[in-house]
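The lines below spell out each chain.
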Amino acid sequence: MKKILFLAIVLLSGLGLGGAAAFGTLVVLGPRPAHAATAPAQPEVETAFVQVDKLLAPLVSPEDGRLTGYVQFQFNLEVPRDKSGDVAKRLPLLLHAINMRTFRTPMAAGKDGLLPSLEQFRKIVEAAAPEAFGAGVVRKVAITQATPA
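Residue positions are given per chain, counting from 1 as you read along its sequence in written order. Local features in a predicted model are, by the rule used here, given only for residues with pLDDT of at least 70; side-chain atom pairs are given and counted only at 80 or more, and totals for whole chains, interfaces and linings are based on all residues. Working from all heavy atoms in the structure, the side-chain values ignore hydrogens and water.

1. Remarks on the sheet that holds strand E1 (residues 47–60)
A pair of strands is considered paired only if DSSP assigns at least 2 bridges between the two. A run of DSSP states H or I qualifies as a helix once it reaches four residues; a run of E qualifies as a strand once it reaches two. Both are numbered from the N-terminal end. Spatial ordering of the open sheet is given by E1-E2-E5, a layout of three strands whose pairing is antiparallel. Where the open sheet ends on each side, the last strands, each with one partner, are E1 and strand E5 (140–148). Geometrically, the sheet is characterised by an average inter-axis angle of 20° between neighbouring strands, direction not taken into account. In this description, contact between two residues means that some pair of their heavy atoms is separated by no more than 4.5 Å. Under this scheme, a helix contributes an axis fitted over its contacting stretch, all axes are lines through C-alpha atoms, and angles between N-to-C directions fall in the 0 to 180 degree range. On the sheet, helix H3 (residues 91–102) packs against E1 and strand E2 (67–80) and is oriented at approximately 30° with respect to E1.

Rendered as structure tokens:
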């Protein structure tokens, strides 16, 4: 009888101590993010992709700033559907803004410097897009092809 009573007391005290520790942790750390207040949902805007066929860009070496070659990019711009016509009309402005950035931005990667850095090119396009189309028009840049020229 003594063993059963001792086991019951140990079990109940363990449950009580564990529950108190869980409650104390919840009080100190706060509620889980799923229970926290949710932000109001932004309305979904229907988007479209505007294709940019070919862009020839110089590859500049990051070490010494010399020209290592050229690369030809094809990419798509994700824009709101109602602004896709305006974006297609203003693509020459975007291409000009990209060209003005690529000759001074090191994009060459790899040992021989003949591979383009896709992430660097994406940053260049994202920086040039507000200049050509205005802020917030281009949502994403999808690079579909990059070939040495």
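Anyway, onward from the coordinates.
2. As for a nonpolar patch on the surface
Candidate patch residues must exceed 30% relative accessible area and have no salt bridge, after which like charges are joined if within 9 Å and Val, Leu, Ile, Met, Phe, Trp or Tyr side chains if within 5 Å. Per-residue and other accessible areas were derived by the Shrake-Rupley procedure at a 1.4 Å probe size, with only the shown protein chains allowed to occlude residues. A pairing counts as a salt bridge when a side-chain nitrogen of Lys or Arg comes within 4 Å of a carboxyl oxygen of Asp or Glu. Residues Phe-6, Leu-7 and Val-10 make up a contiguous nonpolar surface patch of about 320 Å² in total accessible area. For Val-10, the position within the fold is in helix H1 (residues 2–29). Relative accessible area decides the class of each residue, using a 1.4 Å probe on protein chains only: under 20% of the type maximum gives buried, over 50% gives exposed, and in between gives partly exposed. Overall, Val-10 belongs to the partly exposed group, its relative accessible area being 41%.

3. Points about H3
Between the first and last residue of a helix there are one fewer steps than residues, each counted as 1.5 Å, and that sum is the expected span. Its 12 residues place the ends of H3 16 Å apart at the C-alpha level, agreeing with the 16 Å of an ideal helix rising 1.5 Å per residue. Within the span of H3, buried status applies to Leu-91, Leu-94, Ala-97, Ile-98 and Thr-102. Take H3 and look down its axis: the buried residues cluster within an arc of 130°, on one side only. Looking at the packing, one finds that the buried side of H3 touches E1, E2, helix H2 (84–89) and helix H4 (118–133). Directions pointing from the helix axis toward each C-beta atom define the arc.

4. Quick look at the side chain of Asn-76
Looking at the element boundaries, Asn-76 is found in strand E2. Residue classification places Asn-76 among the buried residues on the basis of a relative accessible area of 17%. Here Asn-76 is in contact with Phe-49, Val-50, Gln-51, Val-52, Lys-140, Val-141, Ala-142 and Thr-144, once residues within four sequence places are set aside.

5. Quick word on the packing of H3 against H4
In the contact formed by H3 and H4, the axes pass within 8 Å of each other and the chain directions differ by 135°. In terms of orientation, H3 lies oblique with respect to H4. As H3 runs across H4, the sense of the crossing is right-handed. Within the contact between the two elements, H3 uses Leu-91, Leu-93, Leu-94, Ala-97, Ile-98, Arg-101 and Thr-102 and H4 uses Phe-121, Ile-124, Val-125, Ala-127, Ala-128, Ala-129, Glu-131, Ala-132 and Phe-133. Each residue gets one label: Ala, Val, Leu, Ile, Met, Phe, Trp, Tyr, Cys and Pro are nonpolar, Asp, Glu, Lys and Arg are charged, and the others, such as Gly, are polar. Split by residue class, the contact of H3 with H4 holds 13 nonpolar, one polar and two charged. Here is the rule for angles: anything less than 35 degrees is roughly parallel, anything more than 145 is roughly antiparallel, 65 through 115 is roughly perpendicular, and the remaining ranges are oblique. Whether a crossing is left-handed or right-handed is set by the direction in which the near helix is turned from the far one by less than a right angle, anticlockwise for left-handed and clockwise for right-handed.

6. Considerations on the packing of aromatic side chains
Only centres within 6.5 Å qualify two rings of Phe, Tyr or Trp (six-membered ring in Trp) as a pair; their planes then separate them into stacked at under 30 degrees, edge-to-face at over 60, and tilted for everything else. This structure, assessed with the given rule, holds two aromatic pairs. With 3.7 Å between their ring centres and 5° between their planes, Phe-73 and Phe-121 make a pair best called stacked. Linking Phe-73 in strand E2 with Phe-121 in helix H4, this pair joins segments that are 48 residues apart in sequence. Take Phe-73: its relative accessible area is 0%, and that puts it in the buried class. Look at Phe-75 and Phe-121: their rings are 5.5 Å apart centre to centre, the planes differ by 70°, and that puts the pair in the edge-to-face class. Of this pair, Phe-75 sits in strand E2 while Phe-121 is found in helix H4, placing the two residues 46 residues apart along the sequence.

7. Focus on the nonpolar core
The criterion is simple. A nonpolar core is a set of buried Ala, Val, Leu, Ile, Met, Phe, Trp, Tyr and Cys residues joined through side-chain atoms within 4.5 Å. Core analysis: the largest hydrophobic core is formed by 28 residues, its most contacted members being Phe-73, Phe-75, Leu-77, Leu-94, Ile-98, Phe-121 and Phe-133. The set of elements that each furnish at least two residues to this core consists of E1, E2, H3, H4 and E5. Top element by residues in this core is H4. It accounts for seven residues. Other than its neighbours up to four places away in sequence, Leu-77 contacts Ala-48, Phe-49, Val-50, Val-52, Val-87, Leu-91, Leu-94, Val-125, Phe-133, Val-138, Lys-140 and Val-141.

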